[in-house]
Amino acid sequence: MDNPFWTYWYYHVPNYLAAALAYTMLARFGFALFVPADWTNYIWRFFVRVTDPILSAVRWITPSFVNATFLPLLAAFWLTLVRLAFWIALRSAGMEPPVGMQGVS
């Protein structure tokens, strides 16, 4: 029996990375509600280091009237749309993984 993860790795790896980044954005937004932006805690610094490159891209496409506090939420939204577009592209090419245990021998 083949492992379905490795059979469809080209779907699962990018999908997992985009999901992890989206959830990291949501966590950064939640943390930002309670901690100062210049907090020196190592967990906060990790979230800032991982999410800042994505937030700079989102800041570039976001209108200036949107408060920077909400950029992580917008980034999570865009990453979710990227995941959906990726799935649609694979589905239209006939390369999406089956749902459940279909096609697993």
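Keep in mind that this is a model prediction, so the values were computed, not measured.

Quick look at the layout of surface pockets
If you add up the space inside the largest pocket, you get close to 190 Å³. At the level of secondary structure, the elements contributing two or more residues to the lining of the largest pocket comprise helix H2 (9–32), helix H3 (42–61) and helix H4 (71–92). Residue contributions to the lining of the largest pocket peak at three residues, all from H3. Its residues assigned to classes, the lining of the largest pocket shows eight nonpolar, one polar and two charged.

Quick notes on the pattern of salt bridges
Side chains bearing opposite charge may pair, as long as their charged atoms lie close to each other. For the coordinates displayed, the defined rule picks out two salt bridges. Salt-bridge contacts for Asp52 lead to Arg28; the nearest nitrogen and oxygen are separated by 2.8 Å. Here the residue Asp52 occupies a position in helix H3, and Arg28 occupies one in helix H2, the gap between them amounting to 24 residues. A residue is classified by how much of its surface remains accessible, and Arg28, at 13% relative accessible area, is buried. Between Arg91 and Glu96 there is a salt bridge whose closest N-O contact spans 2.9 Å.

Some remarks on H2
Spacing of three or four residues puts side chains on the same side of an α-helix, whose turn is 3.6 residues. Look at H2: 34 Å from first C-alpha to last across 24 residues, which is about the 34 Å you get at 1.5 Å a residue. Taken together, the buried positions of H2 are Tyr11, Asn15, Ala18, Ala19, Ala22, Thr24, Met25, Arg28 and Phe29. Its buried side turned inward, H2 meets H3 and H4.

Considerations on the packing of aromatic side chains
Tallying each qualifying case throughout the model produces nine aromatic pairs. Where Trp9 meets Tyr10, the ring centres are 6.3 Å apart and the plane angle is 80°; that geometry is what we call edge-to-face. Classification of Tyr10 by relative accessible area gives partly exposed; the value is 24%. Ring centres of Phe31 and Trp44 lie 6.3 Å apart, and the angle between their planes is 85°; this geometry places the pair in the edge-to-face category. You can see Phe31 sitting in helix H2 and its partner Trp44 sitting in helix H3, a full 13 residues away along the chain. Classification of Phe31 by relative accessible area gives partly exposed; the value is 31%. A connected cluster of aromatic rings, assembled from ring pairs, spans Phe31, Trp44, Phe46 and Phe47.

Basis of the calculations
Residue positions are given per chain, counting from 1 as you read along its sequence in written order. With pLDDT at 70 or above as the cut-off, local features in this predicted model cover only qualifying residues; side-chain atom pairs require 80 or more to be listed or tallied, and sums for whole chains, interfaces and linings still use all residues. Remark: hydrogens and water are excluded; side-chain values derive from all non-hydrogen atoms of the structure. Only protein atoms enter the 1 Å grid, on which a cavity is a set of points fitting a 1.4 Å probe that cannot get out and a pocket is an open set with protein on both sides within 12 Å along at least 5 of 7 lines, lining residues being those with an atom within 4 Å of a point. Grid points are joined across faces, edges and corners, and a volume is the space filled by probe spheres set on the points. The numbering of helices and of strands both runs from the N terminus, where a helix is a DSSP run of H or I of at least 4 residues and a strand a run of E of at least 2. Only Asp, Glu, Lys and Arg are considered charged in this grouping, and only Ala, Val, Leu, Ile, Met, Phe, Trp, Tyr, Cys and Pro are considered nonpolar; every other residue, Gly among them, is considered polar. Salt bridges are defined as contacts in which a side-chain nitrogen from Lys or Arg sits within 4 Å of a carboxyl oxygen from Asp or Glu. Think of it in three bands: with a 1.4 Å probe and only protein chains considered, a residue is buried below 20% of the maximum accessible area for its type, exposed above 50%, and partly exposed in between. Every helix has an expected span of 1.5 Å times one less than the residues it contains. In this description, contact between two residues means that some pair of their heavy atoms is separated by no more than 4.5 Å. Stacked, tilted and edge-to-face are the three classes assigned to paired rings of Phe, Tyr and Trp, where Trp is represented by its six-membered ring and a pair needs centres within 6.5 Å; plane angles under 30 degrees give stacked, over 60 edge-to-face, the rest tilted.

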